[in-house]
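Spelled out, the chains give:
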Amino acid sequence: MTRSTPSPRRGEHDQFSTLLPERGDPWVKVQRVGGAGGVHVDLDVDVPLPQARGHAVSIGATVEAELDDVVVCRSPGGLVFCLTRWDAEQTARGQARDEGSLLDQVCLDVPAGRWDVEVAFWSALTGWDRTGRGCGCSGDDGSAGSGGSGGENEFGRLAWPEGLPVRFLLQHLDEADGSVRAHVDLSAADPHAEVARHLALGATRVLDGRGWVVLRDPSGGAYCVTDRHPARERQT
């Protein structure tokens, strides 16, 4: 789906692999887990991990585990994320954005009762300003999740710094409470052809939105193909 090749497995239990694209630097990884799968983000920090950990905890995170090179945390709404040390050689600044499609967005699916706290947390954690709410349709951010109202206030965004491979979208769900979840969005130069390619690979079409199509991979994970163009200079 990402036009990539899995790297050799690594880790104590051979649980990690990096998806190596045909061109450009890698930025997507997969992890084999014992329970339910999902999506989480690794945030590279250029300060000592204890300092980054302290900041995250001070704004509402809880710490799940600490290893030599990673701190596993949860957001106030329960979404797992990791703090990792920044490596100048692994920034994906050479990401090829002129492909037919690109996995370039993580959407946080936030229950209504957790919205204000969760959006404030991610803005403070990343240092990215909140840029308002919008419908998420083409020209806003071209994405969808798995249960929002579809109204004008369904989506929020965090400003996207130049040079980083992944942006954040936040979806305001109709459900009042529950854990924050996440799914990935792909930008596509030709969304119709891209969706057809995914269906041929084994995906299932779930829903057509306004500028996006919700799909499920063969293991049941939801994700979206959007009509936002992969090239940075053509993104909104």
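Look above for the structure.
Note that the structure is predicted; figures quoted are calculated from it, not measured. Residue numbers restart at each chain and count upward from 1, following the sequence in its written direction. In keeping with the model being predicted, local features are shown solely for residues with a pLDDT of at least 70 and side-chain atom pairs are shown and tallied solely at 80 or more, while totals for entire chains, interfaces and linings include all residues. Side-chain measures here rest on the full set of heavy atoms in the structure, leaving out hydrogens and waters.

Chemist: I keep staring at the nonpolar core and nothing clicks. Help me out?
Modeler: A general feature of soluble globular proteins is that nonpolar side chains tend to end up buried together. Grouped together as the largest cluster of nonpolar side chains are 26 residues, with contacts concentrated most on Leu-43, Phe-81, Leu-83, Leu-108, Trp-122 and Phe-168. Only strand E4 (41–45), helix H1 (49–58), strand E6 (70–74), strand E7 (80–85), strand E8 (101–110), helix H2 (115–126) and strand E11 (167–172) provide two or more residues apiece to this core. In terms of residue count, H2 provides more of this core than any other element does, five residues in total. Two residues qualify as a contact provided that any one of their heavy atoms is within 4.5 Å of a heavy atom in the partner residue. The residues touching Phe-168, leaving out its near neighbours within four places in the chain, are Val-41, Leu-43, Val-106, Leu-108, Trp-122, Thr-126, Trp-128, Arg-157 and Leu-158. Counting twelve residues, the second largest nonpolar core, distinct from the first, contains Leu-19, Val-28, Leu-103 and Ala-203. In this description, a nonpolar core means a group of buried Ala, Val, Leu, Ile, Met, Phe, Trp, Tyr and Cys residues linked to one another through side-chain atoms lying within 4.5 Å. Note on classification: 1.4 Å probe, protein chains only; a residue is buried when its accessible area is under 20% of the maximum for its type, exposed when over 50%, partly exposed between these limits. Helix and strand assignments follow DSSP, with helices taken as H or I runs no shorter than four residues and strands as E runs no shorter than two, numbered in order from the N terminus.

Chemist: Is there a simple way to explain the packing of aromatic side chains in this structure?
Modeler: Here the distance between the centres and the angle between the planes together describe a pair of aromatic rings. Paired rings are identified among Phe, Tyr and Trp, the last through its six-membered ring, by centres lying within 6.5 Å, and are further divided according to the angle between planes into stacked (under 30 degrees), edge-to-face (over 60) and tilted (the rest). Scanning all chains against the criterion turns up six aromatic pairs. The interplanar angle of 85° and the centroid separation of 5.6 Å between the aromatic rings of Phe-121 and Trp-122 together place this pair among those described as edge-to-face. Residues Phe-121 and Trp-122 agree in their burial class; the two are buried. A ring pair is formed by Phe-155 and Trp-212, whose centres lie 6.0 Å apart and whose planes are at 70°; its orientation type is edge-to-face. Of this pair, Phe-155 sits in strand E10 (residues 155–158) while Trp-212 sits in strand E14 (residues 212–216), placing them 57 residues apart in sequence. Across the pair, Trp-212 and Phe-155 agree in class, each one buried. Through a chain of ring-to-ring contacts, the aromatic side chains of Phe-81, Phe-121, Trp-122, Trp-128 and Phe-168 assemble into a single cluster.

Chemist: So what exactly am I meant to see when it comes to the pattern of salt bridges here?
Modeler: A side chain with one charge can pair with a side chain of the opposite charge if their charged atoms come near. Any Lys or Arg side-chain nitrogen located within 4 Å of an Asp or Glu carboxyl oxygen qualifies as a salt bridge. All told, the structure shown has ten salt bridges when counted by the stated rule. Where Asp-104 meets Arg-228, a salt bridge forms, and the shortest distance between an N and an O atom there is 2.7 Å. Placement of the pair is Asp-104 in strand E8 and Arg-228 in the segment after strand E15 (222–226), with a sequence separation of 124 residues. Arg-228 shares its class with Asp-104; the two are buried. Arg-181 is the salt-bridge partner of Glu-175, the closest N and O atoms lying 3.2 Å from each other. By sharing partners, the salt bridges in this structure join Arg-3, Glu-194 and Arg-197 into a single network.

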